[in-house]
Amino acid sequence: MALRLLRHGLGLDRPAPMWRHHDLAPSYDVVIIGGGVHGLACAYYLAQDHGITNVAVLDKSYIGAGGSGRNTTILRSNYLTPEGVVFYDESLKLYSQMAEEFDFNVLFSRRGHLTLAHTDGAVRTMRRRAEVNRLQGVESWLIGPNEIKRLCPALDVSEHPRYPILAALYHPPGSIIRHDAVVWGYAAQADRRGVHIHQHTTVTGIRTANGRVTGVETTRGFIKTGAVLNATAGWATTIADMVGVRLPIVTYPLQACVSEPLKPFLDVIVVSGSLHVYVSQSDRGELVMGAAVDPFASYSLRGSLAFAEGIAGHMLELFPALRHVRMLRQWAGLCDMTPDYSPIMGLTPVEGFFLDVGWGTYGFKAGPISGRCLAELIATGHTPPLIFPFRLARFYERDLVGEKGAASVGH
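**Q** Describe in detail the packing of helix α3 (residues 82–102) against helix α9 (residues 363–380), supporting the description with residues and values.
**A** Where α3 meets α9, the axes come as close as 8 Å, and the angle between the chain directions of the two elements is 95 degrees. With respect to α9, the axis of α3 lies roughly perpendicular. Residue-level inspection shows F87, Y88, E90, S91, L94, Y95 and M98 of α3 in contact with α9, the latter providing F364, K365, A366, G367, P368, I369, S370 and R372. When grouped by side-chain class, the residues that make up the contact of α3 with α9 number 9 nonpolar, 3 polar and 3 charged.

Rendered as structure tokens:
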């Protein structure tokens with residue numbers, strides 16, 4: 001053991017890389033733009049479920065540099081619409097099986113999820129969500145302050161706060177997972193099946209002819225292909241503009257932070273839509289916290305003092321005992337918001353150009369199932385029923401999927 005540690009410390013016993021470096025091939029059957037959980041999951045399921053291995057995943061930075069590495073790792077399926085509930089529940093099931101499927105520890109941990117209600121209106125919304133969830137076979141129910149205190153003793157459920165806690169939507173399947181491990185797992189599994197992963201490869205254009213995709217231009221050369229998936233966050237509209245497809249998306253930063261490590265005390269995930277704050281405790285003891293999206297459209301990935309002050313105040317309203325805890329670091333990610341707060345998945349007017357975009361604050365939760373469904377669509381040409389409600393055409397067909405009530409943060 002001592003010799004092995006010495007060799008590892010001197011860099012003499014390095015493990016093999018999880019995925020390989022490849023030269024850019026002149027053509028691929030499918031090109032996926034975006035090396036986050038969505039793009040990598042689609043590549044994996046194309047190879048695993050459909051035997052399509054001549055696939056390239058392109059990312060202008062490193063794998064997982066975007067939203068997949070900037071989220072707060074919360075998984076849940078307690079949404080407001082029936083379409084959203086069944087979709088995210090399938091994704092949560094795939095997440096729960098991931099460690100066994102990949103033979104790789106992704107640190108999946110079922111915690112339970114509390115969405116707090118501070119007003120009578122919020123209580124009505126939580127009761128409605130609970131009914132919708134149960135009708136779709138998802139565990140959720142309304143609980144009162146006594147049960148909330150039992151599940152989370154550190155919460156202040158007294159009448160003293162400015163916004164007292166009246167009730168909460170309790171969702172036992174709510175979980176957290178290591179986001180980096182998820183990305184690494186999908187990348188490694190896709191690579192083993194022959195997928196080419198290209199980091200630091202920027203897409204500069206997409207060629208079309210007679211209304212269909214013919215190739216992708218990159219900073220490393222041209223790729224001939226007949227199928228392109230736009231699985232980007234923040235730059236979804238930029239990529240779609242390359243083929244003349246306009247998307248109803250506006251991009252906002254969403255900030256998050258972590259505290260210094262603490263002894264484990266928070267067993268559940270706590271969310272307050274009224275206070276625009278959500279928090280869980282990581283396996284390292286840090287409190288992982290997020291708030292509302294910034295009030296203006298931007299591509300900024302920097303933290304702000306206004307965010308730090310706001311989230312500190314709201315956290316202390318919920319957890320007064322944390323008044324001496326220090327914030328360790330903060331960051332931001334990009335959220336592509338649609339008019340109905342639901343994603344856009346599926347076909348476009350350009351043949352061979354597919355969408356997996358517009359995820360707002362929900363993207364990481366949906367990675368596995370969206371990847372599987374988009375892989376099925378690309379391989380077979382048929383839209384899976386699970387993602388049909390989220391088609392681009394819904395915006396001019398007036399068939400929206402309104403999920404703002406289940407966002408849990410301010411938008």
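So much for the structure itself; the text now carries on.
**Q** Which residues make up the pattern of salt bridges, and what values do they have?
**A** Pairing between side chains of opposite charge can happen when their charged atoms approach one another. Scanning all chains against the criterion turns up 16 salt bridges. For the salt bridge of K93 with D89, the shortest nitrogen-to-oxygen distance reads 3.6 Å. Remark: D89 and K93 occur in helix α3; sequence separation between them is 4 residues, near one turn of the helix. A relative accessible area of 39% places K93 in the partly exposed class. With relative accessibility at 14%, the residue D89 sits in the buried group. Residues joined in a network through salt bridges with shared partners are D89, E90 and K93.

**Q** Account for the side chain of N71, naming residues and giving values.
**A** Inspection of the secondary structure puts N71 in the loop between β2 (55–58) and β3 (74–75). We classify N71 as buried; its relative accessible area is 15%. Only 3.0 Å separates the side chain of N71 from the backbone oxygen of G67, close enough to count as a polar contact. Within the structure, the side chain of N71 is placed 2.8 Å from the backbone nitrogen of T73, a separation counted as a polar contact. With sequence-adjacent residues up to four places away left out, N71 is seen in contact with H179, W331 and F364.

**Q** So, helix α6 (residues 179–192): which residues are in play, and what are the values?
**A** Counted at 1.5 Å a residue, the expected span for α6 with its 14 residues is 20 Å, and the 20 Å between its end C-alpha atoms agrees. Burial runs high along α6: 11 of the 14 residues are buried. What α6 keeps buried is the set H179, A181, V182, V183, G185, Y186, A187, A188, Q189, A190 and D191. Where α6 is buried, its residues meet α2 (37–50), α3, β9 (196–198) and α9. Positive backbone phi, approximately 100 degrees, marks G194, located one or two places after α6.

**Q** An account of the environment of G112 is requested, with residue identities and associated values reported.
**A** Relative to the elements of secondary structure, G112 occurs in the loop between β4 (109–110) and β5 (113–117). Residue class for G112 comes out buried when judged on its relative accessible area of 0%. Ignoring anything within four residues of it in the chain, the contact list for G112 reads Y170, H171, P172, G174, V268 and I269.

**Q** Now, about unusual backbone geometry: what can you tell me, with residues and values included?
**A** In the Ramachandran plot, L107 falls in the positive-phi region, its phi being about 55 degrees despite a non-glycine side chain. Judged by its relative accessible area of 35%, L107 falls in the partly exposed class. For R398, which is not a glycine, the phi torsion comes out positive at approximately 55 degrees. Among the structural elements, R398 can be located in the segment after α10 (394–397). Residue classification places R398 among the exposed residues on the basis of a relative accessible area of 79%.

**Q** Just give me the short version of helix α4 (residues 120–135), but keep the residues and values in it.
**A** With 16 residues, α4 ought to run about 22 Å at 1.5 Å a step, and its terminal C-alpha atoms sit 23 Å apart, in line with that. Contacts from the buried residues of α4 go to α3, β5, β6 (141–143) and β7 (167–171). Positioned one or two residues after α4, G137 has a phi angle of 80 degrees, which is positive.

**Q** Summarise the pairing of β5; cite the residues concerned and give the values.
**A** The buried fraction of β5 amounts to 5 of the 5 residues, a majority that puts the element mostly inside the structure. The side-chain alternation of β5 yields two buried faces, one formed by H113, T115 and A117 and the other by L114 and L116. Pairing of β5 with β7 involves 5 bridges; the strand directions are antiparallel. Note that in β7 the partner of H113 across the bridge is H171.

**Q** Mind laying out the side chain of E403, listing which residues take part and the relevant values?
**A** Take E403: it is sitting in the segment after α10. Among buried charged residues, E403 stands out as having no salt bridge; its nearest opposite-charge side chain is R129, 6.9 Å away. In terms of polar contacts, E403 uses its side chain to reach the side chain of T81, at 2.6 Å.

**Q** So what's going on with the packing of aromatic side chains? Which residues, and what values?
**A** What the rule picks out here adds up to 14 aromatic pairs. Look at Y79 and Y362: their rings are 5.1 Å apart centre to centre, the planes differ by 90 degrees, and that puts the pair in the edge-to-face class. Here the residue Y79 occupies a position in the loop between β3 and α3, and Y362 occupies one in the loop between β20 (353–357) and α9, the gap between them amounting to 283 residues. Residue Y79 shares its accessibility class with Y362, and that shared class is buried. Residues F102 and Y186 carry aromatic rings whose centres are separated by 5.1 Å and whose planes lie at 75 degrees to one another, so their mutual orientation is edge-to-face. Pair noted here: F102 is in helix α3 and Y186 is in helix α6, with a separation of 84 residues, a long-range link. The burial state of F102 is the same as that of Y186; both residues are buried. Among the aromatic residues, those joined into a cluster by ring pairs are Y79, F87, Y88, W359, Y362 and F390.

Rules behind the numbers
Residues numbered from 1 in each chain as written. Predicted model: local features only at pLDDT ≥ 70, side-chain atom pairs only at ≥ 80, totals over all residues. Heavy atoms only, no water. Axes fitted to C-alpha atoms, helices over the stretch in contact; angles between N-to-C directions. Helix = DSSP H or I, 4+ residues; strand = E, 2+ residues; numbered from the N terminus. Parallel < 35°, antiparallel > 145°, perpendicular 65-115°, else oblique. Contact = heavy atoms within 4.5 Å. Nonpolar A, V, L, I, M, F, W, Y, C, P; charged D, E, K, R; others polar. Salt bridge = Lys/Arg side-chain N within 4 Å of Asp/Glu carboxyl O. Buried < 20%, exposed > 50% of the residue type's maximum accessible area, 1.4 Å probe, protein only. Polar contact = N/O pair within 3.5 Å; in protein donor to acceptor, adjacent residues only side chain to side chain. Expected span 1.5 Å × (residues − 1). Pairing = 2+ DSSP bridges. Lys, Arg positive; Asp, Glu negative; His and termini not counted. Phe/Tyr/Trp six-rings, centres within 6.5 Å; stacked < 30°, edge-to-face > 60°.

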